[in-house]
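Structural overview for review
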Amino acid sequence: MNFDLTDEQQVVTDLAGQLFTDLATPERVKAVTDADGFDADLWSALADAGLLALCLPEESGGSGMGMVELALVAQQQGRHVAPVPFVSHVLAARTVAEELSAVPAAAAAVQGAIAGDMILTAAIAEVGVNDPLNPTVTATATPDGVRLSGEKPAVVALDRAGKILVPAVQDGSTVIALVDPAAEGVTVTPLSTTNHEPQGHLELESVLVADDLVIRDPEALDRLWLRHLAALAAVQLGVGEGAVTQAAQHVSERKQFGRTLSSFQAVSQRAADGWIVNEALWSTVINAAWQLDNDGAGALEDVLSAAYWACEGTSEVVLGAQHLHAGIGADVDYPVHRQFLWGMQNSTILGTASSHLARLGKHLAAGSDVGSVDR
Amino acid sequence: MNFDLTDEQQVVTDLAGQLFTDLATPERVKAVTDADGFDADLWSALADAGLLALCLPEESGGSGMGMVELALVAQQQGRHVAPVPFVSHVLAARTVAEELSAVPAAAAAVQGAIAGDMILTAAIAEVGVNDPLNPTVTATATPDGVRLSGEKPAVVALDRAGKILVPAVQDGSTVIALVDPAAEGVTVTPLSTTNHEPQGHLELESVLVADDLVIRDPEALDRLWLRHLAALAAVQLGVGEGAVTQAAQHVSERKQFGRTLSSFQAVSQRAADGWIVNEALWSTVINAAWQLDNDGAGALEDVLSAAYWACEGTSEVVLGAQHLHAGIGADVDYPVHRQFLWGMQNSTILGTASSHLARLGKHLAAGSDVGSVDR
Amino acid sequence: MDIGDTPEEAAFRAEARAWLLEHATPAGDHGENHDLADHVEKALAWQRVLHDNGWAGISWPEAFGGRGMRPIFQAIFNEEMATVDETLGPLTVALGMVAPTLMRHGSPEQQQHIGAMLRGEQLWCQLFSEPNAGSDLAVLSTRAELDGDEWVVNGQKVWTSLGQFAQWGILLARTDPDVPKHQGITYFLVDMASPGIEVRPLVQMTGTAHFNETFLTDVRIPKENVVGEVGDGWSVARTTLTSERSSIAGGKTGWNVDLLIEAAHIKGVADDPVVRQGLARAHTQATNLRTLGYRIRSALSMGTTPGREMLIMKLAYARHWMETTDLAMQILGAEGMLAADDEGLRAIWPFAFLNQYAVRLGGGTDEVQQNIMAELGLGLPREPSADRGVPWKDLPR
Amino acid sequence: MDIGDTPEEAAFRAEARAWLLEHATPAGDHGENHDLADHVEKALAWQRVLHDNGWAGISWPEAFGGRGMRPIFQAIFNEEMATVDETLGPLTVALGMVAPTLMRHGSPEQQQHIGAMLRGEQLWCQLFSEPNAGSDLAVLSTRAELDGDEWVVNGQKVWTSLGQFAQWGILLARTDPDVPKHQGITYFLVDMASPGIEVRPLVQMTGTAHFNETFLTDVRIPKENVVGEVGDGWSVARTTLTSERSSIAGGKTGWNVDLLIEAAHIKGVADDPVVRQGLARAHTQATNLRTLGYRIRSALSMGTTPGREMLIMKLAYARHWMETTDLAMQILGAEGMLAADDEGLRAIWPFAFLNQYAVRLGGGTDEVQQNIMAELGLGLPREPSADRGVPWKDLPR
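Owing to the predicted nature of the structure, the values given are computational and were not obtained by experimental measurement. In this numbering scheme, every chain counts its residues from 1 along its sequence in written order. Lettering for chains starts from A, numbering for ligands starts from 1, and both go in the order in which the items are written. For this predicted model, a pLDDT threshold of at least 70 governs which residues receive local features, and a threshold of 80 or more governs which side-chain atom pairs are given and counted, while totals over whole chains, interfaces and linings are taken from all residues. Only hydrogens and water are set aside; all other atoms, that is, all heavy atoms of the structure, feed into the side-chain values.

**Looking at the overall build of chain A**
So the rule is basically this: Here a strand is any run of E in DSSP of at least two residues, a helix any run of H or I of at least four, and the numbering for each starts at the N terminus. A radius of gyration in this sense is built from C-alpha atoms; the matching globule rule multiplies 2.2 Å by the number of residues raised to 0.38. Accessible area is worked out with a 1.4 Å probe on protein chains only. A residue is then buried under 20% of its type maximum, exposed over 50%, and partly exposed in between. Throughout, a contact is declared for two residues whenever any of their heavy atoms are within 4.5 Å. Reported accessibility uses the Shrake-Rupley method at a 1.4 Å probe radius. Residues are deemed covered only where the shown protein chains occlude them. Think of it this way: Lys and Arg go in the positive column, Asp and Glu in the negative one, and His and the chain ends go nowhere. All charge positions are set by atom: Lys at NZ, Arg at CZ, Asp at CG, Glu at CD.
Assigned secondary structure in chain A consists of eleven helices and ten strands. At 21 Å, chain A has a C-alpha radius of gyration in line with the 21 Å of a compact globule built from 375 residues. Across the 375 residues that make up chain A, the buried fraction comes to 65%. Here the contacts in chain A between residues at least 6 apart in sequence split such that 71% fall between residues at least 24 apart. As presented, chain A carries roughly 12,000 Å² of accessible surface, and 50% of it is formed by carbon and sulfur atoms. Of the charged side chains in chain A, 19 are positive and 47 negative, and the gap between their average positions amounts to 7 Å.

Set out below in structure tokens:
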């Protein structure tokens, strides 16, 4: 039993922490957010530091690390609310590398992803009840390849993605197609999101994808989805930590009634609540990532637990931090509101706290494999 | 618009408050609870003061008042956790007086009830999912009268009841039969309850009831149930008030770290939370009672709101009061634990907070009449 | 006890409703118009319509141009007005705070403003809070010094709602630093067009700039604009703040739950028992608010001032609002976090979700309210105060 | 990072599990035996079995009769023991608090007790809390005065767990009232059979009398029974209290959720989505506790002392326990409130429901823990202390 980070994990954490601290300063984050929401300099730096290759297989030029290391970097990103599509990019690249590396076009995409030249993304969220495991896009076999039709909401970095992983259903089975956004029949509509993260709505009208760019492993979507949940939970962890750090600093400095705010129990205990949630979430997120690295789909319960607390717990944490900041928290020139916006948005993106519980509850009560969000 | 008590209502409140304060002292309540759980002296005093005739029709010798007045008395009972079956008795007597007063045996029971000589009760709780509107006891017509079979859990004061109102289903319709516990086929088993209130489990095996002692008004059960919910909510209100009063006194007197406990924000704010819940519950309970007096079944939503907060809110209040008392709260020689036990027991007796919400939610979403606890 | 209207009240309600149905032009946005200038203009225009039709100042004394009716009638009118989704929100400072203050403390000249407010001719803002004076407002440090017949004011204010549009402001400034903090404060009326006033909008994360920072540099205010006595501004301000709390009475409750039920049907989750559980709980909270409202209306009807009910209402409302916005996100899912675009379901919830914590701050934080309640409701002692009797200039900074 | 056992740990776990499955005689009541005397006797007997088979004092130094293994092995054994529902609960004071204290601060003679504890021959109780010394333990007023070679003790203690059965107690008493409260306290070992000790059981509302009041009247304690230095009892007591926190590591988590899932199936509500939602949330809390446990076990495995994790574990456990008992009531309905009768579903939940608030008090209230956390985790300053440096005799009473 050893829950401490390995030396290698510590190096990755320190490296990421340093990069985000140096480059994703509050001023820079504000400037990028006010512009197009993508920090190209930071992106290059992440590529140069090898962090975009973090959990890709060594055969593809990756570092061969796993979800634990990815979570540690995502946590640092969350602390600094750094505007780059890190999680979706790295996870999409890993899936392409694992499943399609024999295909030259896919292998080239992976190389581009590692270098930071091509941004990859995965269209995980679903329309309607947002059940990522039941894609609504349909895939139909034709002599030329597979044709996809349907739509996907809230695709991260869709506006600048070079390739998109699109889950779909073909003859009752789940598949994942690697779609080129330049292909005929693809329509991309930018969405205005609450935290200003660039997202897009993807429409596919009979879009042709070559057969060898379709992943047919029946467990691939489960894996991709669970990894996204765990990685987003790690981002949330960092978001919550950033919020509590800022709140603690604020209440230590601000005086009311002749005392610092922090000397009021109602204030200090609320701040402590946030810290406690973060500490508990840390273990749960790292455990979820470790279980994914060691067990795969068997980690379902642990990942859903992490996802739930990343929604429910982190929402509480960022709300508490806002409350402790009082009015100034809402001022867009003051940084803490970004933690709030990220925390709130991430709490809904891959399902809500309630939908994670619905799935887990069905699984626990019925002993079924994955459960569904439908009650 | 006038939400103030009328002079008459104020007199009833003061009278009840005085009676319970004088007779249901902490010492007396402890003595009665340690004995058989029924305070015969208090019961006589309530009868002498006319409070057992409170909301009975004037034609039957009652005072002709309504649910608001009943709620005001029940609230006072709750404050003092007085061990008498006030609510079930008065509501059963009212139903018998309203529905069966033409029948001599029933009229005699009402007179006995007013004098306090005969205790009446109603078997409202149900086995299984505890849906009082769907009785599980069956009634079958025979040439001699109706025969009842089935069981009822948690009947208040069953051990000393002279007559019991038993809801049942006959040919698909709901009826309420006035059962004599001395009749053949009736088995009464005392139950040991958490708050030491005498309750019993009622078993009926082909018990004969004369046709004219069966209430066939299809809305009678709805009415009886809604009145019970509102009256129990009023008891809960008083229970919560008693808990907060005791807690406020305790934290004002007890010193820790050289200061009274109440000077710590974490303590005073928790006490204030209880007070706030009680104040909000007061309006909601009195409103529910008023709506019942003026609207009948149309008051469904308001009564369910009161019932929900009487479960959820009062549970929080009594838990908070226990917490503020720390260890001494659990000592049976110290009175506050009785508020806790009453608050907790009353939160489950006619359905849980969750089941009230289930019913209300079904009603709101579907626009159906009453909803059911079954989801 | 009678929760219904008296015959007189019922008649008034019917008359008001009929008139409103004929004349109201609902904004359809529950008061959350993102174009603030337009929002302000609409409110002023609506106030002019009310005035011209005899519905303005229902409970104000006739001497000030009102109808001299009991406050319950104003509450009934507000209730009915809320059902048609018209709002006077931007005029809260003028109608709910400044006018009652001037009626009580103002000079005859100052009271001339009351008529202008009634006629929808003036927007007012409040210059009380400062960066270092939030919950502890009385430590404010904006200074006013007498120079001949004028006071010269220097300092900075924050959270000036709609300050960028207001013609007039009410201002608290320190005129004597040598006495304890609650003393030595004076209450002024200030023309927002005065030289030396700079209003800088604060863009909030909801994208609107409801609030402003206001910088005052050598702003000159005539002596006649002092309300009450010099140095007695704190007690004048208490009238203003108490009036603010009273002005929230008579809103409608439950409209947000109704909207959620509608949303649940549209999104096809009205059969989801967990969603239903949430809707039911929200409904019970709305019931609590409604019955608290009865008590407030009852007090107004009897001619007394509802005190504790106002405080509880504020706390209960904040909690209810947070829970319903959470529930909205559960019902709307990821769609709920798309930026508001005034279309269908998205018109209100994303804004509400982001703004939810604000209801816990405005008019005193939850914590401050709970402290008041512990004292007022339970007789628990106040926390020991560190600064009682200390001259303001000697307070720790 | 490796969340699994090392090969050595896995081998130990397998050996322990095999032995336990063969020798354990589960009580089947999750440690909540209503016959306390029987409960105590069973625990002592089980400790004797452990001792005779080499499973006692796994992490204790060999010099004290232990096996001298790293603490992780004790944690692993505790974890496995919890799965067979055997409990040493009544011996917590002896094994988890007194023994570690004596190892560090005891004289060679005092350390003789350690062997007796290991062999299951002694039950100990703790005489720390007093009616007026709860969260603020250091204000305790039980007096000890030296009379020749003996200390004479007078005072009253409360919350003496199992005091009615204990042979020995650890006692804090004030030996010098003229110094500040944390100084002037001395730590004693006291024979519970000494003349002048009266133990009065406190019947709790759960119907059990786990706790007692203990009255001490002219109780004579030999000088040799002072642990550490006279006047240095507070620092000895800190060892005792810290050891208590450490002893909670290695329990199992999730068993209560498993029981609830079983109950939901029995009551036919396992398909109820609202119940399922509750079960799922409880499961996620159990996951949090489990992963916190990993950190604690990891620290023990690495030979360090887990600090903050212990505090968080305690708070998280209390919240989890309250929620699961609420959920139990929701599943069991009115049946849940019938007094416990050891039958089926009712065996544990009513007791748990009534006892739920106790987990928020034992070992320091939630509030005290949160204050520690604010200081330790966030570096926020302590509340100003009113009594620092004041001699105990001059403190306000």
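**So, the overall build of chain C**
Each helix and strand counted, chain C has eleven helices and eight strands in total. Put simply, 72% of the contacts in chain C that link residues at least 6 apart link residues at least 24 apart. Approximately 15,600 Å² of chain C is accessible, and the part contributed by carbon and sulfur atoms is 51%.

**Some points on helix α5 (residues 86–100) of chain B**
Quick reminder of the rule: Here the expected length of a helix is defined as 1.5 Å per residue gap, with one fewer gap than residues.
For α5 of chain B, which comprises 15 residues, the first-to-last C-alpha distance of 21 Å matches the rise-based estimate of 21 Å (1.5 Å per residue) to within 8%. Most of α5 of chain B is tucked away, with 13 of its 15 residues classed as buried.

**Re the packing of helix α9 (residues 300–325) of chain B against helix α10 (residues 336–349) of chain B**
All names here are of chain B. Keep this limit in mind: The axes are straight lines fitted to the C-alpha atoms, using for helices just the contacting stretch, and the angles between their N-to-C directions are given from 0 to 180°. Angles are sorted into four bins: roughly parallel if under 35 degrees, roughly antiparallel if over 145, roughly perpendicular if 65 to 115, and oblique for all others. In this scheme, a crossing is called left-handed if the near helix is turned counterclockwise away from the far one by less than a right angle; it is called right-handed if the turn is clockwise. Gly falls in the polar group here, along with every residue not listed as nonpolar (Ala, Val, Leu, Ile, Met, Phe, Trp, Tyr, Cys, Pro) or charged (Asp, Glu, Lys, Arg).
Two elements in contact, α9 and α10, have axes whose closest approach is 9 Å; the angle formed by their N-to-C orientations is 155°. The angle between the axes of α9 and α10 places the two elements in the roughly antiparallel class. Relative to α10, α9 is oriented so that their crossing is left-handed. Of the residues in α10, those in contact with A310, C311, S315, V318, L319, Q322 and H325 of α9 are V336, H337, Q339, F340, G343, M344, N346 and S347. Class assignment of the residues belonging to the contact of α9 with α10 gives a composition of seven nonpolar, eight polar and no charged.

**A word on the domain arrangement of chain A**
All names here are of chain A. Defined as follows: Start and end positions for the domains come from either an automated domain assignment or a database one. By convention, the term buried area covers the 1.4 Å-probe accessible surface removed from two parts as they join, with the contributions of both added. The salt bridge criterion pairs a side-chain nitrogen of Lys or Arg with a carboxyl oxygen of Asp or Glu, the two atoms within 4 Å. Under this definition, polar contacts are N or O atom pairs within 3.5 Å; protein pairs additionally need one hydrogen-donor-capable and one acceptor-capable atom, and for neighbouring residues in sequence, both atoms have to be side-chain atoms.
Along its sequence, chain A is carved into domain 1 (7–119), domain 2 (123–215) and domain 3 (220–365). Of note, the centres of domain 1 and domain 3, computed from C-alpha atoms alone, are 21 Å apart. Of the roughly 2,100 Å² buried where domain 1 meets domain 3, counting both sides, 65% is carbon and sulfur surface. Put simply, domain 1 and domain 3 have three salt bridges between them. Where domain 1 packs against domain 3, one counts seven residue pairs in polar contact (both at pLDDT 80 or more). Those elements that place two or more of their residues in the side of domain 1 that touches domain 3 are α2 (26–34), α4 (67–80) and α5 (86–100). It is α4 that contributes the most residues to the side of domain 1 that touches domain 3, eleven residues altogether. Per-class residue counts for the side of domain 1 that touches domain 3 are 13 nonpolar, seven polar and six charged.

**Some details on the pairing of strand β2 (residues 143–147) of chain D**
All names here are of chain D. Just so we agree on the cut-off: Paired strands, in this sense, are two strands between which DSSP finds at least two bridges.
Bridge count between β2 and strand β3 (residues 150–157): five bridges; the pairing is antiparallel. Among the inter-strand pairings, A144 is bridged to a residue of β3, identified as V153. In this antiparallel pair of consecutive strands, β2 and β3, the connection spans two residues, and G148 shows a positive phi of 70°.

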